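One-letter residues, chain by chain:
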Amino acid sequence: MQHLGYRPSEFIEPFAGGAIVGLTIAFENYADNVLLVELDEQVAAVWRAILGNQGTWLANKISTFELSYDTAKQVIDNHPSSNRELAFQTILKNRIYHGGILAKGSGMLKNGENGKGIHSRWYPETIRKRILAIKTIKSKIAFTQGDGIELMRSKANSKDAVFFIDPPYTAGGKKAGHRLYRYPHVDHEELFR
């Protein structure tokens, strides 16, 4: 955006999920501030932990966790008693579930890549480094848990805001959104309006 001669003061990702676009904008300094919005409470817990004061705990928990089917099942079956525990549980599910899908009905990998099972996508040091890197730019990032469409409506007339809109995949006959997301319902008519 800077190379086009325009630098927004606020970049908004109203359906954040993993927020790769918003994070890239923040890391590359393409906007003054980045606002991430996510409805899913599991994903929201991760952002609250990383952008709050629990990022270092989360990074260290991931790097020291001894992953096995038994330890993973113990974490997943447990009801988290804090935001940071929910954040850890969410990242664990994302890394060891089929396709990283958090929606009901998803489950742990059995074979995975090259027969590695749940270890296929579990790179604790890489995840740890990513979390710690995000912490270094957290002053540029704000997070809110809520409805992305509502937030877009409230900021629609801002001349200094840019939106990256990538809602859950809910259109079409197969209803992939119901399989992939915990909150698959999006009012497409309102979104396009």
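Refer to the preceding data block for the structure.
Conventions used here
- Residues numbered from 1 in each chain as written.
- Predicted model: local features only at pLDDT ≥ 70, side-chain atom pairs only at ≥ 80, totals over all residues.
- Heavy atoms only, no water.
- Helix = DSSP H or I, 4+ residues; strand = E, 2+ residues; numbered from the N terminus.
- Buried < 20%, exposed > 50% of the residue type's maximum accessible area, 1.4 Å probe, protein only.
- Contact = heavy atoms within 4.5 Å.
- Core = buried A, V, L, I, M, F, W, Y, C linked by side-chain atoms within 4.5 Å.
- Phe/Tyr/Trp six-rings, centres within 6.5 Å; stacked < 30°, edge-to-face > 60°.
- Polar contact = N/O pair within 3.5 Å; in protein donor to acceptor, adjacent residues only side chain to side chain.
- Expected span 1.5 Å × (residues − 1).
- Axes fitted to C-alpha atoms, helices over the stretch in contact; angles between N-to-C directions.
- Parallel < 35°, antiparallel > 145°, perpendicular 65-115°, else oblique.
- Left-handed = near helix turned anticlockwise from the far one by under 90°.
- Nonpolar A, V, L, I, M, F, W, Y, C, P; charged D, E, K, R; others polar.
- Pairing = 2+ DSSP bridges.

### Things to note about the overall build of the protein chain
Then, number 1: Of regular secondary structure, the protein chain possesses nine helices and four strands.
Then, number 2: Ordered by position in the sequence, the α and β elements of the protein chain form the string β-α-β-α-α-α-α-α-β-α-β-α-α.
Then, number 3: A burial count over the protein chain gives 42% of its 193 residues as buried.
Then, number 4: Contacts in the protein chain between residues at least 24 apart in sequence constitute 65% of all its contacts with a sequence separation of at least 6.

### Notes on the environment of Gly148
Then, number 1: Residue position: Gly148 is located in helix H7 (residues 148-155).
Then, number 2: Classification of Gly148 as buried rests on a relative accessible area of 3%.
Then, number 3: When the C-alpha positions of Gly148 and Ala16 are compared, they lie 8.6 Å apart, and in sequence the two are 132 residues distant.
Then, number 4: Apart from the residues lying within four places of it in its own chain, the contact partners of Gly148 are Pro14, Phe15 and Val37.

### Description of the nonpolar core
Then, number 1: Among the nonpolar cores identified, the biggest contains 42 residues, and Trp47, Leu58, Leu92 and Ile96 are the most heavily contacted of them.
Then, number 2: At the level of secondary structure, the elements contributing two or more residues to this core comprise helix H1 (20-27), strand S2 (33-38), helix H2 (41-51), helix H3 (55-64), helix H4 (69-77), helix H5 (83-96), helix H6 (124-136) and strand S3 (141-145).
Then, number 3: Residue contacts for Leu92: discarding those within four places in its chain leaves Phe65, Leu67, Ala72, Val75, Ile76 and Trp122.
Then, number 4: Ile12, Leu35, Leu151 and Ala161 belong to the second largest nonpolar core, which has five residues in total.

### Observations concerning the packing of aromatic side chains
Any pair of aromatic rings gets described here by the distance separating the centres and the angle formed by the planes.
Then, number 1: Taken as a whole, this structure holds two aromatic pairs when the rule is applied.
Then, number 2: Where Phe65 meets Phe88, the ring centres are 5.1 Å apart and the plane angle is 70 degrees; that geometry is what we call edge-to-face. Within this pair, whereas Phe65 is found in the loop between H3 and H4, its partner Phe88 is found in helix H5, the two being separated by 23 residues in sequence. For the pair shown, Phe65 and Phe88 are each scored as buried.

### Focus on the side chain of Gln89
Then, number 1: Examined against the element boundaries, Gln89 turns out to sit in helix H5.
Then, number 2: Of note is the side chain of Gln89, whose polar atom sits 3.0 Å from the backbone oxygen of Asn78.

### Structural notes on H5
Then, number 1: Given a rise of 1.5 Å per residue, 14 residues ought to cover 20 Å, and the 20 Å separating the end C-alpha atoms of H5 matches this to within 8%.
Then, number 2: The set of residues buried in H5 consists of Leu86, Ala87, Phe88, Gln89, Thr90, Ile91, Leu92, Lys93, Arg95 and Ile96.
Then, number 3: As for H5, its buried residues are in contact with H2, H3, H4 and H6.

### Remarks on the packing of H4 against H5
Then, number 1: Where H4 meets H5, the axes come as close as 9 Å, and the angle between the chain directions of the two elements is 130 degrees. Put simply, H4 runs oblique to H5. You can see that H4 and H5 cross each other, and the crossing is left-handed. Note on element contacts: H5 touches H4 through Phe88, Gln89, Leu92, Lys93 and Ile96, opposite Ala72, Val75 and Ile76.
Then, number 2: Partitioned by chemical class, the residues of the contact of H4 with H5 number six nonpolar, one polar and one charged.

### Structural notes on the sheet that holds strand S1 (residues 10-13)
Then, number 1: Strand order in this open sheet of four strands is S3-S2-S1-S4, and the pairing throughout is parallel. Sheet topology places S3 and strand S4 (161-163) at the edges, where each strand pairs with a single neighbour. Each adjacent strand pair in this sheet contributes to an overall mean axis angle of 20 degrees, direction not counted.
Then, number 2: The pairing of S1 with S4 spans three bridges and is classified as parallel. The residue bridging Phe11 from the neighbouring strand is Val162, located in S4.

### Some thoughts on the packing of H3 against H6
Then, number 1: Close contact between H3 and H6 brings their axes to 8 Å; oriented N to C, the two are set at 170 degrees. Considering their axes alone, H3 and H6 lie roughly antiparallel with respect to each other. On H6, the residues touching Gly55, Thr56, Leu58, Ala59, Asn60, Ile62 and Ser63 of H3 are Pro124, Glu125, Ile127, Arg128, Ile131, Leu132 and Lys135.
Then, number 2: Among the residues making up the contact of H3 with H6, the classes are represented as seven nonpolar, four polar and three charged.

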